[in-house]
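Results of the structural survey
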Amino acid sequence: MKAELLKDCYLLRRFWALYLIAAAAAFLQKPLNLAALYAGYIPAAIMISDMRSGWGEYSKILPRKESVYALSKYIIGAALGLSAAVLRLAVYALQINIKGGSAPFMPERIILFAAIDILIVTGYSAVTIPSALAFGLSGFGLFIFSFSAVMAIPLYIWQSALYSERINLPGEKSLTAAAIVFLAAVFLYISSAALSCILSKKHLQPKKTSAIIV
Amino acid sequence: MNAIEIKNLTKIYNDFSLDNLSLTLPSGCIMGLIGENGAGKSTTIKLILDMINRDGGEIKVLGRDNKKDFNIIKEDIGVVPDEIGLPEYMNAYQVGKVMKLCYKNWSDEKYGALIEKLGLPMKKKFKEFSKGMKMKLGIAIALSHDPKLLILDEATSGLDPVIRDEVVGMFMEFTRDENHSILISSHIVSDLEKICDYIAFLHKGRLMLCEEKDVLKDEYSFVRGTREQILSIPDENSIGKKFTPYGGEAIVRRDSVPDGLEAGVVDIEQLFIFMVRKEGETEK
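These lines cover the structure that appears in this document, whether it is placed above or below. (Residues numbered from 1 in each chain as written. Chains lettered and ligands numbered in written order. Predicted model: local features only at pLDDT ≥ 70, side-chain atom pairs only at ≥ 80, totals over all residues. Heavy atoms only, no water.)

**Re the pattern of salt bridges**
Once the charged atoms of two side chains with opposite charge are near each other, the side chains can pair. All names here are of chain A. Using the criterion set out here, one finds 19 salt bridges over all chains in the structure. Note that Arg-64 and Glu-4 form a salt bridge whose closest N and O atoms lie 2.3 Å from each other. In this pair, Arg-64 sits in the loop between helix H3 (55–58) and helix H4 (68–98) while Glu-4 sits in helix H1 (residues 2–26), placing the two residues 60 residues apart along the sequence. Taken as a pair, Arg-64 and Glu-4 share a single burial class, namely buried. (Salt bridge = Lys/Arg side-chain N within 4 Å of Asp/Glu carboxyl O. Helix = DSSP H or I, 4+ residues; strand = E, 2+ residues; numbered from the N terminus. Buried < 20%, exposed > 50% of the residue type's maximum accessible area, 1.4 Å probe, protein only.)

Written out as structure tokens, the structure reads:
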């Protein structure tokens, strides 16, 4: 697992520049955390990069379990989800300091925003990682990638409504909603990881294909 | 102990099948798998490494069943596949760090020395490597974790002659330890002839011959003569015959060289070509 994680971290470096740009956009006080949206794409992008380079095939000769191939991407995704949430909180804290102590909205709501950020990252990864394993890089796999990105739109609308206070949630309800969103993200993520472990075993185990390999 | 034992190995595809293959690679030896494109060399290697499912037979690697205990055995096997699928955005230094976490016996010193010996850059991205450089990196990885068995699929192809010679030397050095063995497939028969103790000929998924190289060289001779002289050699005494406008050539059993013809030393490439040609004529 450590080896796969280290390899994924090396690949992660490719995405830092865009992630930082997306993070900088978060400082523009828009409700949608672009960093979260981009971070959700990264784990599956690493997997696609692995598939393109033939790492999945090559790693069959290494002494390790097949499941680490997928699990490592989930660990990266979880770390990115948390970083997006931390970023949201950091921006909020900065806003308070810059505006001399006046918060743009109550702290409970920012916790809900952070939970939604985690849901965006983990939700996108939870759909794209198993579909990359199941369908590969083309056809239906690419459709799911695009479709999953579209699925973030309702979350964005919800965040916008909360942000502009068109939906008015009192502090206590915001915290309850944050807890529900967070638990949903965790449940979705764990279920997806379990599915991906099964799929990666199939993906990496000896093939029963009748393709000619000579 | 045998490094590899294969019994009645069968793999069936739509238009190709590996047919009842049995061979044994004793410890401390180098076996060369020779065969034309599509003969089944890579299929055999993939089956040994359990990368594809077999339809029948049994494979033991370093004394263990390759289906049941393969994760344990992998620590002791160095593999250089025909495609080195390392991540494109990593360099040799990063690859070394990753492999160190994969293998218990990984040696940074050995890896560093091999990278230097093979003239590879430490900081260049893998995607910028030439095919030969990729192969060299694969060889460095395979040798840096103290394996007992090396499995090489066309590992010397893509290398220039000087480096190829150096790599072949490294393989010979590797088998100086009597517990070390190598299974190598290559199109470049001259490389195999240099290093192999055993030669296995594969043709259309069938093992035509598996024998000690020295026995093959002792047993057969290459003869050249007039068309009539070559035609006079009984078929059962020859591996194959070839005719040109100037006469003919044949590979015959050393004890059956006709009078008046000089017995020359046979090389493995000639032997293989004549065998395949004879097989083709028989099929017709």
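**Regarding the interface of chain B and chain A**
Across the contact, 36 residues belong to chain B and 29 residues belong to chain A. Buried surface at the junction of chain B and chain A, both sides included, amounts to about 3100 Å², of which 66% is carbon and sulfur. Counting the surface chain B buries against chain A, the share from its top three residues, Tyr13(B), Met51(B) and Tyr89(B), is 18%. On the surface where chain B and chain A come into contact, there are zero salt bridges. In this assembly, chain B and chain A are joined by three residue pairs in polar contact (both at pLDDT 80 or more). Elements with a minimum of two residues in the side of chain B that touches chain A: helix H1 (41–48) and helix H3 (92–102) of chain B. Considering each element in turn, the side of chain B that touches chain A owes the most residues, six residues, to H3(B). When the residues that make up the side of chain B that touches chain A are grouped by side-chain class, the tally is 18 nonpolar, eight polar and ten charged. (Contact = heavy atoms within 4.5 Å. Buried area = accessible area lost by both parts, 1.4 Å probe. Polar contact = N/O pair within 3.5 Å; in protein donor to acceptor, adjacent residues only side chain to side chain. Nonpolar A, V, L, I, M, F, W, Y, C, P; charged D, E, K, R; others polar.)

Keep in mind that these numbers describe shape and distance, not what the molecule does.
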